[in-house]
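Chain residues, written in single-letter form:
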Amino acid sequence: MIAAGARLVYLMGASGSGKDTLLRLARASLPDSDCIKVARRIITRPGSADEPNLEVTAAQFEQMRQAGGFAMHWSSHGLLYGIGIEIDDDLSRRQVVIVNGSRRYLPQALARYPGMSVVQIHVDRDLLAQRLAARGRETPEQIGRRLAQAVPDGDPDVPPPGALHKLDNNAAPEAAAQGLLDIARGLLAR
């Protein structure tokens, strides 16, 4: 069950759906002794208040990839993203691990961890547009492209033993963060 990712939570949602905010809130509410861990991403961009990712250059990222340093890695919107291989150690210690994933990378993640729980965040399109504009990282054209990709065609295919959970993040993010933690805590018995 450990190798299958039975205690892995793969969080995904459109840019601006609040993944980083939910993970920040979840991380802040977890005691150090908790058996739930939020994995730190490795990205070729600086971290932020919401996501304290490890910033690396593209060359450093490639070195890490070639050395087998990633459990998962992908590119999106001109950036490289990775989840360190140390999550396998965390899973082997029977911790629940939450990762900030990518919808496009989901098939590869499921191939490696077929028993993982996939959490898809939903945010209404108008609210998503407001959030993308407010963060100030993209031009209006880039925001338009992100919005065009924001609504997936139906639910992703998550075959058993994996599971799909839907999480609404249109209201207070604290409620959605609690919902995410409830899903993670539900995996502690596995």
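Our structure's up above, just so we're on the same page.
Here the structure is a predicted model, which is why all the values come from computation and not from measurement.

Enquirer: Whenever I open this one, the overall build of the chain confuses me. Can you help?
Expert: Per the secondary structure count, the chain includes 7 helices and 9 strands. By the compact-globule yardstick of 16 Å for 190 residues, the chain fits well, its C-alpha radius of gyration being 16 Å. For the chain, the spread of C-alpha atoms along the three principal axes comes to 45 × 40 × 35 Å. Here the chain, with 190 residues, has 46% of them falling under the buried criterion. In the chain, of all internal contacts separated by at least 6 residues, the share reaching a separation of at least 24 is 70%. When the accessible area of the chain is evaluated, it comes to approximately 9400 Å², of which 53% is carbon and sulfur surface. Side chains of the chain carry 23 positive and 21 negative charges; the gap between the two charge centres is 2 Å.

Enquirer: Would you take a moment to explain the side chain of Gln 95 for this structure?
Expert: Note on placement: Gln 95 falls in the loop between α3 (86-92) and β7 (96-100). Those residues in contact with Gln 95, other than ones at most four positions away along the chain, are Arg 7, Asp 34, Cys 35, Lys 37 and Asp 90.

Enquirer: So what exactly am I meant to see when it comes to the sheet that holds β7 here?
Expert: Hydrogen bonds between backbone groups are what pair the strands of a sheet, and the pairing can be parallel or antiparallel. Judged by pairing direction, the sheet is parallel, and its 5 strands sit side by side in the order β2-β7-β1-β8-β9 without closing on themselves. Each end of this open sheet is capped by a strand with a single partner; those strands are β2 (36-38) and β9 (163-168). Across the sheet, the mean angle from the axis of one strand to that of its neighbour is 20 degrees, orientation sign disregarded. For strand β8 (residues 117-122) and β9, the ladder comprises 6 bridges, and the chain directions are parallel. The residue of β9 that forms the bridge with His 122 is Asp 168. Contacts from helix α1 (residues 19-29) reach β1 (8-12), β2, β7, β8 and β9, with the element oriented near 150 degrees to β7. Set on the sheet, helix α7 (residues 173-186) makes contact with β1, β2, β7, β8 and β9; between it and β9 the angle comes to about 160 degrees.

Enquirer: Looking at this model, I keep getting lost on the sheet that holds strand β5 (residues 70-76). Mind explaining?
Expert: Pairing within the open sheet is mixed, and its 4 strands lie in the order β4-β3-β6-β5. Among the strands making up the open sheet, the edge pair consists of β4 (54-55) and β5. Across the sheet, helix α2 (residues 58-66) lies against β3 (41-43), β5 and β6 (79-84), angled at about 145 degrees from β5, the strand it touches most.

Enquirer: Honestly, the pattern of salt bridges in this entry has me stumped. Any pointers?
Expert: Where charged atoms of side chains with opposite charge meet at close range, the side chains can pair. In the structure shown here, the tally under the stated rule is 5 salt bridges. The closest approach of N and O atoms between Arg 65 and Glu 62, which form a salt bridge, is 2.5 Å. Taken together, the residues Arg 65 and Glu 62, both in helix α2 and 3 residues apart, mark about one turn of the helix. On the basis of relative accessible area, Arg 65 is assigned to the partly exposed category, the value being 34%. Looking at Glu 62, the relative accessible area reads 30%, which means it is partly exposed. Asp 88 is paired through a salt bridge with Arg 112; the nearest N and O atoms lie 2.5 Å apart. Here Arg 112 lies in helix α4 (residues 106-112) and Asp 88 lies in helix α3, a separation of 24 residues in the sequence.

Enquirer: What's the story with the environment of Leu 167 in this structure? I'm lost.
Expert: Within the element layout of this structure, Leu 167 appears in strand β9. Its relative accessible area of 10% is what places Leu 167 among the buried residues. When the C-alpha positions of Leu 167 and Ile 183 are compared, they lie 9.9 Å apart, and in sequence the two are 16 residues distant. With residues near it in sequence (within four places) discarded, Leu 167 still touches Leu 22, Val 119, Gln 120, Ile 121, His 122, Ala 176, Gly 179 and Leu 180.

Enquirer: Can you walk me through the packing of aromatic side chains in this structure?
Expert: Given two aromatic rings, one states the distance between the centres and the angle between the planes to describe the pair. As enumerated under the stated definition, the model contains 3 aromatic pairs in all. Put simply, the rings of Trp 74, Tyr 81 and Tyr 105 touch in pairs and so form one group of aromatic residues.

Enquirer: What's the story with the packing of α1 against α7 in this structure? I'm lost.
Expert: Each pair of packed helices can be described by the angle between their axes along with the distance between the axes. Two numbers describe how α1 lies on α7: the axes approach to 9 Å, and their chain directions differ by 65 degrees. Classed by the angle they form, the pair α1 and α7 counts as roughly perpendicular. Two packed elements cross with a definite hand, and for α1 against α7 that hand is right-handed. Of the residues in α7, those in contact with Thr 21, Leu 22, Leu 23, Leu 25, Ala 26 and Ser 29 of α1 are Pro 173, Glu 174, Ala 176, Ala 177, Leu 180 and Leu 181.

Each value, and the rule that gives it
- Residues numbered from 1 in each chain as written.
- Predicted model: local features only at pLDDT ≥ 70, side-chain atom pairs only at ≥ 80, totals over all residues.
- Heavy atoms only, no water.
- Helix = DSSP H or I, 4+ residues; strand = E, 2+ residues; numbered from the N terminus.
- Rg over C-alpha atoms; globule rule 2.2 N^0.38 Å.
- Buried < 20%, exposed > 50% of the residue type's maximum accessible area, 1.4 Å probe, protein only.
- Contact = heavy atoms within 4.5 Å.
- Areas by Shrake-Rupley, 256 points an atom, 1.4 Å probe, with all protein chains shown as cover.
- Lys, Arg positive; Asp, Glu negative; His and termini not counted.
- Charge placed at Lys NZ, Arg CZ, Asp CG, Glu CD.
- Pairing = 2+ DSSP bridges.
- Axes fitted to C-alpha atoms, helices over the stretch in contact; angles between N-to-C directions.
- Salt bridge = Lys/Arg side-chain N within 4 Å of Asp/Glu carboxyl O.
- Phe/Tyr/Trp six-rings, centres within 6.5 Å; stacked < 30°, edge-to-face > 60°.
- Parallel < 35°, antiparallel > 145°, perpendicular 65-115°, else oblique.
- Left-handed = near helix turned anticlockwise from the far one by under 90°.

All quantities given are derived from atomic positions and should not be read as evidence of function.
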